[in-house]
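Single-letter residue listing:
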Amino acid sequence: MPEGPELHLASIYVNTTCAGLRFGGAVEKSAVSKNPEVPFSSRDYTVSAVSRGKEVKLILTPASGDTVDIIFRFGMSGSFKLCPEDEMPKHAHLRFYTKELPRRVLSFVDPRRFGSWEMNGDWQSDRGPCVMLEYDKFRENVLSHLTDKAFDKPICEVMLNQKYFNGIGNYLRAEILHRLQIPPFVQARPILEALKHPHQDSDVSLSKKIKIKKESPDLLQLCNLVPLEVIKLGGKGYDPEQSNDYSVFVKWLRCYFVPGMNSLRDHNGRTIWFQGDPGPLAPKGQKAKKRSPSIGTKRKPVKVEKTEVKRSGKKILLKKEDTEIKHEENAVKVTVKRRVKRTGDKMENGKRGRKTSSNRSTALDTDSPAQKGGKNTPAVKTRPQRRKSSTTPISIDSPKPKMRELRKTAGRQRTTKRKS
């Protein structure tokens, strides 16, 4: 989710890429967006931007007439992009066209459509001063309202309250608390009350105060310094170069989504990352989840012993496990064949139970009980005889005729027993 640094980078992007460009025509809204229409049209106007916390103001200045302000809130995936008209992104929900030919378009891109805009609007009144650009007002606003009930909550939840911490988001609060080694679920008021009267000499010069702030900053000072570090990093698709490289930002992170760190959901359902004890105000019934170092890293391939098998002149590589299974299957087949040879005709007659031609002749004999009209004796089912193959000659000494003779004799014995 874009936080204060990302929205400030977006304003820098608009001012850098749109410098010297002239826009013209009407502002277009996509058909799928549920945000309001922007009824603005001018033959010639310029576009500039300024940010404050988690809001960006787009300023449309026509050649003649009053300026129009549009306040943007990025939601989960909002950003600006300037590109040729034929390369316009799929999720461009508000479009500003240039006068030049071929035309270019400045688009507000929002794939998840949680972002919003407001024409002729102003900064939201319930948002406090910006932590990056209005540090002195931000610090005074927090320390002068510590009696508010909002500061009864855990410090990690108070830092997401935009009334006091305008511009701080999920990853910033985790990084700030981690640097100070403050548990996320401790009450906010005692921590912030300690910053009301810092133990500093009044005779200390301004340069020394700045040095102390950089070397050992407190929580409110880090709320200003850490976002400025992210702005210097750039990238993530918000800088003027539109670089989508996250590798520098990922290396910069010390706690948020870092392997080895713990995570819990706060009382608002937002995930907070931390190290060590979560604190006494942690939600009950939850266990801290620890991010495994293996997550997000490439696993080394497992070495498997392979054997070569030659089949029809081709070499086929098989795993060792596959070859062992095939050897076992072959061994089972060999034992089954041996058993069949040993049992001979007993196994053939017992398991298959085939009816020979002699059986059919005896079953259809007029002296059989079924033909005489016996009610309780069922008719013997017959099976058609297989045709002999004309391609392979069969000799008298071959095993197949012998097996047939044995079947015939066995069939005769069965019929005689049934008659008796």
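Notes on the structure follow. (Residues numbered from 1 in each chain as written. Predicted model: local features only at pLDDT ≥ 70, side-chain atom pairs only at ≥ 80, totals over all residues. Heavy atoms only, no water.)

1. Description of the packing of aromatic side chains
All chains considered together, the criterion is met by 17 aromatic pairs. Plain terms: the ring middles of Phe72 and Trp117 are 6.2 Å apart, the flat faces sit at 50 degrees to each other, and that makes the pair tilted. With Phe72 in strand β5 (residues 68-73) and Trp117 in strand β9 (residues 116-119), this residue pair connects regions lying 45 residues apart in the sequence. An aromatic cluster of three or more residues is present, and its members are Tyr171, Phe249, Trp252, Tyr256, Phe257 and Trp273. Over the face of the ring belonging to Tyr97 we find Arg103, whose NZ or CZ atom lies 4.3 Å from the ring centre. (Phe/Tyr/Trp six-rings, centres within 6.5 Å; stacked < 30°, edge-to-face > 60°. Helix = DSSP H or I, 4+ residues; strand = E, 2+ residues; numbered from the N terminus. Lys NZ or Arg CZ within 6 Å of the ring centre and 35° of its normal.)

2. Brief notes about helix α4 (residues 170-180)
Every α-helical turn comprises 3.6 residues, leaving residues that sit three or four positions apart pointing alike. Of all 11 residues making up α4, 8 are buried, and the element is well covered by its neighbours. Looking at α4, one finds that the buried residues are Asn170, Tyr171, Leu172, Arg173, Ala174, Glu175, Ile176 and Leu177. At its buried positions, α4 is contacted by α1 (4-17), α3 (155-158), α7 (219-233), α8 (247-252) and β11 (271-274). Positive phi shows up at Gln181, right after α4, with a value of about 55 degrees. (Buried < 20%, exposed > 50% of the residue type's maximum accessible area, 1.4 Å probe, protein only. Contact = heavy atoms within 4.5 Å.)

3. Comments concerning the pattern of salt bridges
Considering all chains together, one arrives at 13 salt bridges under this definition. Salt-bridge contacts for Arg22 lead to Asp44; the nearest nitrogen and oxygen are separated by 2.9 Å. Of the two residues, Arg22 is situated in the loop between α1 and β1 (23-26) and Asp44 in strand β3 (residues 41-52); the sequence distance between them amounts to 22 residues. Among the residues examined, Arg22 registers a relative accessible area of 38% and is labelled partly exposed. A salt bridge links Asp122 to Lys57; its shortest N-O distance comes to 3.9 Å. Of this pair, Asp122 sits in the loop between β9 and α2 (135-143) while Lys57 sits in strand β4 (residues 55-62), and the two are 65 residues apart along the sequence. For Lys57, a relative accessible area of 13% puts it in the buried group. (Salt bridge = Lys/Arg side-chain N within 4 Å of Asp/Glu carboxyl O.)

4. Topic: the packing of α4 against α7
At a minimum axis distance of 10 Å, the contact between α4 and α7 shows a crossing angle of 125 degrees. Considering the angle they form, α4 stands oblique to α7. Handedness of the α4/α7 crossing: right-handed. Packed against α4, whose contacting residues are Tyr171, Leu172, Ile176, Leu177, Arg179 and Leu180, the element α7 presents Leu219, Leu222, Cys223, Val226, Pro227, Glu229 and Val230 at the interface. In terms of residue class, the contact of α4 with α7 is built from 11 nonpolar, no polar and 2 charged. (Axes fitted to C-alpha atoms, helices over the stretch in contact; angles between N-to-C directions. Parallel < 35°, antiparallel > 145°, perpendicular 65-115°, else oblique. Left-handed = near helix turned anticlockwise from the far one by under 90°. Nonpolar A, V, L, I, M, F, W, Y, C, P; charged D, E, K, R; others polar.)

5. Description of unusual backbone geometry
Each neighbour pair has its own omega, and for Leu101 with Pro102 the value is -5 degrees, a cis peptide bond. Inspection of the secondary structure assignment puts Pro102 in the loop between β7 (92-97) and β8 (104-109). Despite not being glycine, Arg113 shows a phi value in the positive range, around 60 degrees. Within the secondary structure layout, Arg113 lies in the loop between β8 and β9. Here Asn120, not a glycine, exhibits a phi torsion of approximately 55 degrees, which is positive.

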